[in-house]
Amino acid sequence: MKETALVIMAAGIGSRFGGGIKQLEPVGPNGEIIMDYSIHDALEAGFDKVVFIIRRDLEKDFREIIGNRIEKIAKVEYAFQELDALPAGYEVTPGRTKPWGTGQAVLMVKGLVNCPFLVINADDYYGKEGFRLIHDYMVSEMDESGDVYDICMGGFILSNTLSDNGSVTRGVCRAGADGYLETVNETYNIRMTEDGLKAEDEQGNPVAVSPSQPVSMNMWGLPVKFLEELEQGFPEFLDHLKEGDVKSEYLLPRIIDEMVQSGKARVRVLNTPDKWFGVTYKEDKAAVVAAIRKLIADGVYSEKLFG
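What you are looking at is a predicted structure, and each value in this text was computed from that prediction instead of being measured. (Residues numbered from 1 in each chain as written. Predicted model: local features only at pLDDT ≥ 70, side-chain atom pairs only at ≥ 80, totals over all residues. Heavy atoms only, no water.)

Q: Honestly, the overall build of the protein in this entry has me stumped. Any pointers?
A: Helix and strand counts for the protein stand at seven helices and twelve strands. Radius of gyration (C-alpha) of the protein: 18 Å, near the 19 Å computed for a compact globule of 307 residues. Along the first, second and third principal axes, the C-alpha set of the protein runs to 50 × 50 × 45 Å. Considering the protein as a whole, with its 307 residues, one finds that 52% of them fall into the buried category. Considering only intrachain contacts with a sequence separation of at least 6, the fraction spanning at least 24 residues in the protein is 75%. Accessible surface, the protein as shown: approximately 13,900 Å² in total, 47% of it carbon and sulfur. In the protein, the 33 positive side-chain charges and the 49 negative ones have mean positions that sit 3 Å from each other. (Helix = DSSP H or I, 4+ residues; strand = E, 2+ residues; numbered from the N terminus. Rg over C-alpha atoms; globule rule 2.2 N^0.38 Å. Buried < 20%, exposed > 50% of the residue type's maximum accessible area, 1.4 Å probe, protein only. Contact = heavy atoms within 4.5 Å. Areas by Shrake-Rupley, 256 points an atom, 1.4 Å probe, with all protein chains shown as cover. Lys, Arg positive; Asp, Glu negative; His and termini not counted. Charge placed at Lys NZ, Arg CZ, Asp CG, Glu CD.)

Q: Explanation requested: the packing of helix H1 (residues 34–45) against helix H2 (residues 59–70) in the structure shown.
A: A packed helix pair is summarised by two numbers, namely the angle formed by the two axes and the spacing between the axes. Relative to each other, H1 and H2 sit at 15°, their axes nearing to 11 Å. In this view, H1 runs roughly parallel relative to H2, as classed from their interaxial angle. Crossing hand, H1 versus H2: right-handed. Residues Met35, Asp36 and Ile39 of H1 form the contact with H2, whose participating residues are Phe62, Ile66, Arg69 and Ile70. In the contact of H1 with H2, the residues fall into five nonpolar, no polar and two charged. (Axes fitted to C-alpha atoms, helices over the stretch in contact; angles between N-to-C directions. Parallel < 35°, antiparallel > 145°, perpendicular 65-115°, else oblique. Left-handed = near helix turned anticlockwise from the far one by under 90°. Nonpolar A, V, L, I, M, F, W, Y, C, P; charged D, E, K, R; others polar.)

Q: Mind showing me how you'd approach the pairing of strand S3 (residues 75–80) here?
A: Within a regular beta strand, the side chains point alternately toward one face of the sheet and then the other, so they alternate between its two faces. Note: strand S2 (residues 49–54) against S3, six bridges, orientation parallel. Within S3, the position partnered with Phe52 by the bridge is Tyr78. The β-α-β motif built from S2, the intervening H2 and the parallel element S3 has right-handed crossover chirality. (Pairing = 2+ DSSP bridges. Right-handed = clockwise from strand over helix to strand, strands pointing away.)

Q: Help me out: how do you make sense of the environment of Tyr78 in this one?
A: Checked against the element boundaries, Tyr78 lands in strand S3. Given the relative accessible area of 12%, Tyr78 is considered buried. Between the C-alpha atoms of Tyr78 and Asp274, which are 196 residues apart in sequence, the distance is 29 Å. Setting aside chain neighbours within four positions, we find Tyr78 in contact with Phe52, Ile54, Phe62, Arg63, Gly67, Glu71 and Leu112.

Q: Help me understand the pattern of salt bridges, please; the structure alone is not making it clear to me.
A: Working definition: two side chains of opposite charge can pair if their charged atoms are close together. For the coordinates displayed, the defined rule picks out 21 salt bridges. Between Asp136 and Arg132 there is a salt bridge; the shortest N-O distance is 3.6 Å. Of this pair, Asp136 and Arg132 are both found in helix H4 (residues 128–140), four residues apart, which corresponds to roughly one turn of the helix. On the basis of relative accessible area, Asp136 is assigned to the partly exposed category, the value being 34%. One salt bridge connects Glu229 with Lys264, and the closest N-O pair in it is separated by 2.5 Å. Of this pair, Glu229 sits in helix H5 (residues 226–239) while Lys264 sits in the loop between helix H6 (252–261) and strand S11 (265–271), and the two are 35 residues apart along the sequence. (Salt bridge = Lys/Arg side-chain N within 4 Å of Asp/Glu carboxyl O.)

Q: Where do I start with the pairing of strand S1 (residues 5–9) in this structure?
A: Burial analysis of S1 places five of its five residues in the buried class, the great majority of the element. Of the two faces of S1, the one holding Ala5, Val7 and Met9 and the one holding Leu6 and Ile8 are both buried throughout. As judged from the five bridges shared by S1 and strand S4 (residues 117–121), these two strands associate in the parallel manner. Counterpart to Val7 in the pairing with S4 is Val119. Relative to S2, S1 runs parallel, the two sharing five bridges.

Q: I'm lost on the nonpolar core in this one. Help?
A: Nonpolar side chains in soluble globular proteins generally cluster together in the buried interior. One finds Leu6, Ile8, Met35, Phe52, Phe62, Leu118 and Phe131 to be the most contacted residues of the largest nonpolar core, which totals 45 residues. Core analysis: the second largest hydrophobic core is formed by 41 residues, Ala5, Tyr149, Leu238 and Ile255 among them. (Core = buried A, V, L, I, M, F, W, Y, C linked by side-chain atoms within 4.5 Å.)

Q: Is there a simple way to explain H2 in this structure?
A: Owing to its 3.6 residues per turn, the α-helix aligns residues three or four sequence positions apart on the same side. Spanning twelve residues, H2 covers only 14 Å between terminal C-alpha atoms, well under the ideal 16 Å at 1.5 Å per step. In this structure, the buried residues of H2 make contact with H1, S2 and S3. (Expected span 1.5 Å × (residues − 1).)

Q: Mind showing me how you'd approach helix H7 (residues 284–297) here?
A: Across its 14 residues, H7 extends 20 Å between first and last C-alpha, which sits within 8% of the 20 Å expected from 1.5 Å per residue. What H7 keeps buried is the set Asp284, Val288, Ile292, Leu295 and Ile296. End-on view of H7: buried residues confined to an arc of 115°, all on one side of the axis. Exposed and facing more than 90 degrees away from the buried side of H7 are Ala286, Lys294 and Ala297. (Arc of directions from axis to C-beta.)

Q: Just to check I follow, could you spell out the packing of aromatic side chains for this structure?
A: Both the distance between ring centres and the angle between the ring planes are used here to describe each pair of aromatic rings. Counting across every chain of the model gives 13 aromatic pairs. Look at Trp100 and Phe234: their rings are 6.5 Å apart centre to centre, the planes differ by 70°, and that puts the pair in the edge-to-face class. Residue Trp100 is located in the loop between S3 and helix H3 (102–107), and its partner Phe234 is located in helix H5; the two are separated by 134 residues in the primary sequence. Residue Trp100 shares its accessibility class with Phe234, and that shared class is buried. For the ring pair Tyr126 and Phe131, a centre distance of 6.2 Å and an interplane angle of 90° mean the geometry is edge-to-face. Considered together, Tyr126 and Phe131 belong to a single accessibility category, that of buried residues. Site record: aromatic cluster; members linked through ring pairs are Tyr37, Tyr125, Phe277 and Tyr301. Between the NZ or CZ atom of Arg63 and the centre of the ring of Tyr78, over which it lies, the distance is 4.0 Å. (Phe/Tyr/Trp six-rings, centres within 6.5 Å; stacked < 30°, edge-to-face > 60°. Lys NZ or Arg CZ within 6 Å of the ring centre and 35° of its normal.)

Written as structure tokens, this is what we have:
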């Protein structure tokens with residue numbers, strides 16, 4: 001069977017979480033973190049290895065809290081996303097403090113991954129169905145050699161991905177009747193208000209969104225040659241930055257949307273009804289702990305996750 005890898009983006013600083021490293025917060029009854037449940041579901045679905053994208057200053061804590069444990073049950077590798085991991089001839093914009101976004105993060109696995117791979121966020125719980133659907137698609141349907149990039153994504157229902165404790169950012173999607181992605185727009189400050197669902201574009205202008213719309217949760221199934229596209233596109237992104245811009249990011253949803261619009265990629269949307277939860281805000285933790293407890297009570301997971 002075709003080999004597949006799980007790539008977990010865990011380099012985020014977690015500024016909204018209140019100073020802690022949100023990806024490493026225990027939420028399970030035996031100290032499990034959200035990543036444990038994602039890795040469990042991915043291995044159960046058939047993924048062969050795990051690649052963690054982290055910052056070098058997190059490495060010691062990361063290995064102690066999760067990496068050393070996972071190495072006992074799966075092949076594990078590490079990639080490092082740093083602010084100064086730039087193409088030759090480029091320098092960090094003065095005043096910039098955070099790395100360059102999810103596109104740069106995934107680019108860091110080039111050379112470590114040589115098979116189709118699934119990208120996920122470290123601090124999101126996705127449910128089992130998305131892992132199974134994407135693994136099966138990558139193994140049975142993905143065309144790795146065609147002229148058009150064959151990509152798939154987990155499609156979540158927007159209303160299933162909101163936080164009770166603040167706004168969220170989502171890749172809001174439109175899919176055609178054939179199940180293929182038509183557009184994905186990074187949409188900000190999505191929150192439920194007394195007047196309904198509100199959201200904004202990157203400039204802060206109001207945009208209309210529907211609770212039933214599919215959204216990307218950065219759950220992308222990608223062919224390995226996609227890394228070449230990221231490598232070629234990163235200098236172009238840097239070249240177009242305005243002077244003094246210390247915030248713009250090289251983002252997967254935007255990169256993939258541009259590829260779809262130009263005909264360079266087709267993206268199969270694999271819809272999942274599973275409810276997302278995560279620790280975007282410190283106040284989210286109690287709800288995540290309760291949700292994990294319910295999943296255990298319902299028999300979805302064992303009390304001791306990896307037996």
